[in-house]
Protein chains: 2
Amino acid sequence: MQDKDYMQMAVQEALKAQGMTWTNPLVGAVLVKDNQVLATGYHHQFGKEHAEANTLSHLADPQQAQGATLYVTLEPCSHYGKQPPCCKKVAEAGIKKVVIGQVDPHQIVAGKGIEYLESHGVQTEIIGGTENLNVAYNFFYHKKRPFVTLKYAMSIDGKINAAGKRRTILTGDAAQVDVQKLRLHNQAILIGANTLRIDNPLLTVRIKNLPKPPIRIVLTKDANQLDFNSRMFKTQGEIWLLSRTKLTQKVAENVRCFTAAKWTPSKIVQFLAAHEIQSLLVEGGSNVQSQFVAADLADEIVTYIAPLVLGGTALPAVFGQALAEKSDYQLLDVKKFNQDVRIRVRRKECLQE
Amino acid sequence: MQDKDYMQMAVQEALKAQGMTWTNPLVGAVLVKDNQVLATGYHHQFGKEHAEANTLSHLADPQQAQGATLYVTLEPCSHYGKQPPCCKKVAEAGIKKVVIGQVDPHQIVAGKGIEYLESHGVQTEIIGGTENLNVAYNFFYHKKRPFVTLKYAMSIDGKINAAGKRRTILTGDAAQVDVQKLRLHNQAILIGANTLRIDNPLLTVRIKNLPKPPIRIVLTKDANQLDFNSRMFKTQGEIWLLSRTKLTQKVAENVRCFTAAKWTPSKIVQFLAAHEIQSLLVEGGSNVQSQFVAADLADEIVTYIAPLVLGGTALPAVFGQALAEKSDYQLLDVKKFNQDVRIRVRRKECLQE
């Protein structure tokens, strides 16, 4: 096994906590000595122990760590947060070398973990290969705003629903499960008031029990006009209303209303950044999505294409706002889900090498 | 090697003549004795010798065929056309058994080849596995009309061009070469007068020198209004104009005008069937394609999806004619061409088992 193989093992560990770490990054670790894996571990959940500590806790005898090499997908932290700093634990355990996937872009760490280790006699090496584990986390600390993903299903002729007035289910079960996975990776999900009215969606993650499910956000001119009997309002989990007018009626405790003169995409991402939200999934409708594209705030587009034709009068995807051609996207991947095809594109500047 | 392996070898032979056989099917053959391939062959070109004769001609000594097994992708023909019947040649060569991919759906053969062989002491067996070689040929003889394919390139948001007034090149080189291959498999290509005006396309096959390139058809209300300085009219190869009014001006010899009170998709396919055209590729525009979908005359849809967003005011794909949802399509395949993705769907009733 080579360094990159152990690192991939650490990536697999990290992925076990998908959706569980909220604004924390996914992190996995593997402890190796004499080409033997001594222990593996990962950061299980927001507020719980970090991957390094989790890995060390799996050793039958702490002495085993003496002289071992730790592979960890992200630079060990150097600060006291909910947990004591990992680099201190690593150095104290007698680990000889730490092989690191990537430097932590969070200002509070950003190389300080590596400095601490080196100054305490622990060798370090950064080998890469883990950047796709925490796309939004990395993006957020570089760009100071959430990573925005647009998601829509469309027919083979590029339409999102049949008449524009009623919900059209285009995709099959497998694609719909994949949408749940997509939600898992986002801290907030946004829809417009029209989508709430026409689709009446839940926007919940039903494939996994999350300690902090994505905040569901409804963009509306007037929150008082929303139908509070919609299915979403009968579920638990935070719901934020972004409205121009104040909400005058009494609503459930999990619903909060924020007002601004105009909630442009730019205003929305600033607002979310101020709330430390690193990722936003815009699920519709096509007019709202068009606004995000026009504002250059659509970092990734995920579309599910179903093998049917909706034809002439159906509502097209990403429609409404006049805008110049946006050609700075790059194909990320293509995947079949039975009869449906998922295509993901990402803005070139958001693609990591 | 098993029967199906030899048959696949015969399929590979057949494919060598893609685009060359016009209304004839692609046919390949492999002659085998004692698990040794004695010869292979295929139907090279419309009017040239058939696959069986071509294979036999590759034997150093005709006596070798005695007692051999012939694998052929299509039932040997039984009629005198441009060539003497193959089943006669096969029987006379002393071939012991003919393993056949599929029965020829052409009424003039349709089992008569097999009957002839059996009654002349040659065993036959039909093993399948070759039906996708000649999709349009099979379709034409079953349905008595050409197999219709719609083709368009669209942006990730389902638009075909930026403003509806000018040509937008969406896809890259690899996808454009694939379009040339798609044309190769069609005997006719149709566009509307708007597409001629806006895109000014050649609609030629430039990757292979074809003895009979696809007939280029322009659908127009009034052929006299067409711009005969368009690039297409400066090329060789047949061009047919489907017009409501008679053409009054003199045009080049390769241009023919056909008139009818109204060229509906149904009328068009009837007209093409009468001319023995087995396959039609409708390359646009979106209004013409919409008419074919609405008339249930779009058997396959091939779309190339480019990683860019055209947004709000751009013209959507398959747009214009109000129609009910068409959900009888099935995903055929997905393929990447660098940055572009090709998705092919086919009407379920056209999918062969």
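Residues numbered from 1 in each chain as written. Chains lettered and ligands numbered in written order. Predicted model: local features only at pLDDT ≥ 70, side-chain atom pairs only at ≥ 80, totals over all residues. Heavy atoms only, no water.

**What about the overall build of chain A?**
Across its full length, chain A carries nine helices and 16 strands. In terms of overall dimensions, chain A is globule-like: its C-alpha atoms have a radius of gyration of 22 Å, near the 20 Å expected for 353 residues. Viewed in the frame of its principal axes, chain A has a C-alpha envelope of about 70 × 45 × 35 Å. Counting every position in chain A, which comprises 353 residues, the buried fraction comes to 55%. For chain A, the proportion of contacts with a sequence separation of at least 24, taken over those separated by at least 6, is 69%. Split by element, the accessible area of chain A, about 15,000 Å² in all, is 48% carbon and sulfur. Within chain A, one finds 42 positive and 33 negative side-chain charges whose respective centroids are separated by 9 Å. (Helix = DSSP H or I, 4+ residues; strand = E, 2+ residues; numbered from the N terminus. Rg over C-alpha atoms; globule rule 2.2 N^0.38 Å. Buried < 20%, exposed > 50% of the residue type's maximum accessible area, 1.4 Å probe, protein only. Contact = heavy atoms within 4.5 Å. Areas by Shrake-Rupley, 256 points an atom, 1.4 Å probe, with all protein chains shown as cover. Lys, Arg positive; Asp, Glu negative; His and termini not counted. Charge placed at Lys NZ, Arg CZ, Asp CG, Glu CD.)

**A closer look at the interface of chain A and chain B**
The partner chain B presents 43 residues to the 43 residues of chain A that form the contact. At the boundary of chain A and chain B, one finds zero salt bridges. At the junction of chain A and chain B, the tally comes to four residue pairs in polar contact (both at pLDDT 80 or more). Elements with a minimum of two residues in the side of chain A that touches chain B: β6 (147-155), α9 (286-294), β13 (300-306), β15 (329-337) and β16 (340-347) of chain A. Looking at the side of chain A that touches chain B element by element, the count peaks at five residues for β15(A). Along the lines of polarity and charge, the residues of the side of chain A that touches chain B split into 24 nonpolar, 13 polar and six charged. (Salt bridge = Lys/Arg side-chain N within 4 Å of Asp/Glu carboxyl O. Polar contact = N/O pair within 3.5 Å; in protein donor to acceptor, adjacent residues only side chain to side chain. Nonpolar A, V, L, I, M, F, W, Y, C, P; charged D, E, K, R; others polar.)

**Considerations on the pairing of strand β5 (residues 123-126) of chain B**
Residues and elements named next belong to chain B. As judged from the four bridges shared by strand β4 (residues 97-102) and β5, these two strands associate in the parallel manner. Residue pairing across strands places Val99 opposite Glu125, the latter belonging to β5. Crossover β4 to β5 through helix α4 (residues 112-119) is right-handed. (Pairing = 2+ DSSP bridges. Right-handed = clockwise from strand over helix to strand, strands pointing away.)

**Some words on the sheet that holds strand β12 (residues 279-284) of chain A**
Paired through backbone hydrogen bonds, the strands of a sheet run either parallel or antiparallel to each other. Residue and element names in this part refer to chain A. Strand order in the open sheet formed by nine strands is β11-β10-β9-β8-β12-β6-β13-β16-β15, with mixed pairing between adjacent strands. Two strands in the sheet have a free side with no partner beyond their single neighbour: β11 (255-259) and β15. Recorded for the sheet is a direction-independent mean angle of 20° between the axes of neighbouring strands. Relative to the sheet, helix α8 (residues 265-274) contacts β6, β8 (188-192), β9 (215-219), β10 (239-243), β11 and β12, its axis offset from that of β10 by approximately 140°. (Axes fitted to C-alpha atoms, helices over the stretch in contact; angles between N-to-C directions.)

**Regarding the UniProt feature "binding site: NADP(+)" (unreviewed entry) in chain A**
Residue and element names in this part refer to chain A. UniProt records the feature "binding site: NADP(+)" (unreviewed entry) for Ala153, Thr195 and Asp199 in the present numbering. Separation in sequence by 47 residues is not matched in space for these annotated residues, since their most distant C-alpha atoms are only 13.4 Å apart. Summarising the element assignment, Ala153 is placed in strand β6. Non-local contacts of Ala153, meaning those with residues more than four positions away in its chain, are made with Lys159, Ile160, Leu170, Thr171 and Tyr304. (UniProt positions renumbered as here; feature names shortened; annotations may be inferred.)

**Overview of the confidence of the model for chain A**
Here chain A shows a mean pLDDT of 90. Residues at 70 or above account for 95%. Note on the complex model: pTM 0.89, ipTM 0.86. (pLDDT = per-residue confidence, 0-100.)

**Regarding the nonpolar core**
Inside soluble globular proteins, nonpolar side chains tend to come together where they are buried. Formed by 78 residues in total, the largest nonpolar core has its most connected members in A:Phe292, A:Ile343, B:Phe292 and B:Ile343. When residues no more than four places from it in sequence are discounted, the contact partners of A:Ile343 are A:Ile301, A:Val302, A:Thr303, A:Ile305, A:Leu331, A:Asp333, A:Val334, B:Ile156, B:Ile305, B:Val341 and B:Ile343. Ranked by size, the runner-up nonpolar core spans 26 residues in total, among them A:Ala65, A:Leu74, A:Ile95 and A:Tyr141. (Core = buried A, V, L, I, M, F, W, Y, C linked by side-chain atoms within 4.5 Å.)

**Digging into the side chain of A:Ser243**
Residues and elements named next belong to chain A. Checked against the element boundaries, Ser243 lands in strand β10. Assessed through its relative accessible area of 0%, Ser243 is described here as buried. Within the structure, Ser243 has its side chain in polar contact with the backbone nitrogen of Ala223 (distance 3.0 Å). In contact with Ser243, not counting residues within four places along its chain, are Thr220, Lys221, Asp222, Ala223, Cys257, Phe258, Thr259, Ala260 and Trp263.

**Remarks on the packing of aromatic side chains**
Considering all chains together, one arrives at 20 aromatic pairs over all chains under this definition. With 5.0 Å between their ring centres and 35° between their planes, B:Tyr6 and B:Tyr71 make a pair best called tilted. Here B:Tyr6 is found in helix α1 (residues 3-15), whereas its partner B:Tyr71 is found in strand β3 (residues 69-74), with 65 residues between them in sequence. Residue classification places B:Tyr6 among the buried positions, given a relative accessible area of 3%. Since its relative accessible area comes to 5%, B:Tyr71 is described here as buried. Members of the aromatic cluster, connected to one another through ring pairs, are A:Trp240, A:Phe258, A:Trp263 and A:Phe271. A cation over a ring is seen here: A:Lys212 above A:Trp22, with NZ or CZ 4.9 Å from the ring centre. (Phe/Tyr/Trp six-rings, centres within 6.5 Å; stacked < 30°, edge-to-face > 60°. Lys NZ or Arg CZ within 6 Å of the ring centre and 35° of its normal.)

**Comments concerning unusual backbone geometry**
The omega angle of the peptide bond from A:Gly284 to A:Gly285 is -5°, so this bond is cis rather than trans. Within the secondary structure, A:Gly285 sits in the loop between β12 and α9. Of note in this structure, B:Asn35 is not a glycine but carries a positive phi near 60°. Take B:Asn35: it is sitting in the loop between β1 (28-33) and β2 (36-42). When its relative accessible area of 58% is taken as the criterion, B:Asn35 is described as exposed.

**Considering the pairing of strand β13 (residues 300-306) of chain B**
All names here are of chain B. With seven of its seven residues buried, β13 lies for the most part within the structure. Every second residue of β13 is oriented toward a common face, with Glu300, Val302, Tyr304 and Ala306 on one face and Ile301, Thr303 and Ile305 on the other, all of them buried. In the sheet, strand β6 (residues 147-155) pairs with β13 via seven bridges, with the strands oriented parallel. Paired with Ser155 across the two strands is Ala306, which belongs to β13.

**Here's the deal with the environment of B:Ala39**
Residues and elements named next belong to chain B. Along the chain, Ala39 turns up in strand β2. Distance in space between the C-alpha atoms of Ala39 and Ala65 is 9.4 Å, their sequence separation being 26 residues. Those residues in contact with Ala39, other than ones at most four positions away along the chain, are Ala29, Val30, Leu31, Thr55, His58 and Leu59.

**Looking at helix α6 (residues 173-184) of chain B**
With twelve residues, α6(B) extends 17 Å from end C-alpha to end C-alpha; this agrees with the ideal 16 Å at 1.5 Å per step. Taken residue by residue, α6(B) has B:Ala175, B:Asp178, B:Val179, B:Gln180, B:Leu182, B:Arg183 and B:Leu184 as its buried positions. (Expected span 1.5 Å × (residues − 1).)

**So, the relation of the copies chain A and chain B**
When chain A is fitted onto chain B, the two copies agree to an RMSD of 0.0 Å after a turn of 180° and an axial shift of 0.0 Å. Taken together, the turn and the small shift mark the pair as related by a two-fold rotation axis. Closest approach to the rotation axis within chain A is made by the C-alpha atom of A:Gly158, at a distance of 1.9 Å. Looking at chain A, 100% of its interface residues are interface residues in chain B too, so the copies touch through the same face. (Least-squares fit on C-alpha atoms with pLDDT ≥ 70 in both.)

**Here's the deal with the domain arrangement of chain A**
Residue and element names in this part refer to chain A. By the assigned domains, chain A splits into domain 1 (3-133) and domain 2 (138-350). Distance from the C-alpha centre of domain 1 to the C-alpha centre of domain 2: 34 Å. Facing the 14 residues of domain 1 at the interface are 19 residues of domain 2. Around 1,400 Å² of area is buried between domain 1 and domain 2 when both sides are counted, 57% of it from carbon and sulfur atoms. There are zero salt bridges connecting domain 1 and domain 2. Connecting domain 1 to domain 2 are seven residue pairs in polar contact (both at pLDDT 80 or more). Taken together, the residues of the side of domain 1 that touches domain 2 sort by class into four nonpolar, eight polar and two charged. (Domains from an automatic or database assignment. Buried area = accessible area lost by both parts, 1.4 Å probe.)

**Some thoughts on α9(A)**
Given 3.6 residues per turn, any residue in an α-helix points the same way as the ones three and four places further on. Inspection of α9(A) places A:Ser286, A:Val288, A:Gln289, A:Ser290, A:Phe292 and A:Val293 among the buried residues, and these make up the whole buried set. Just downstream of α9(A), A:Asp296 is the residue with a positive phi angle, here 60°.

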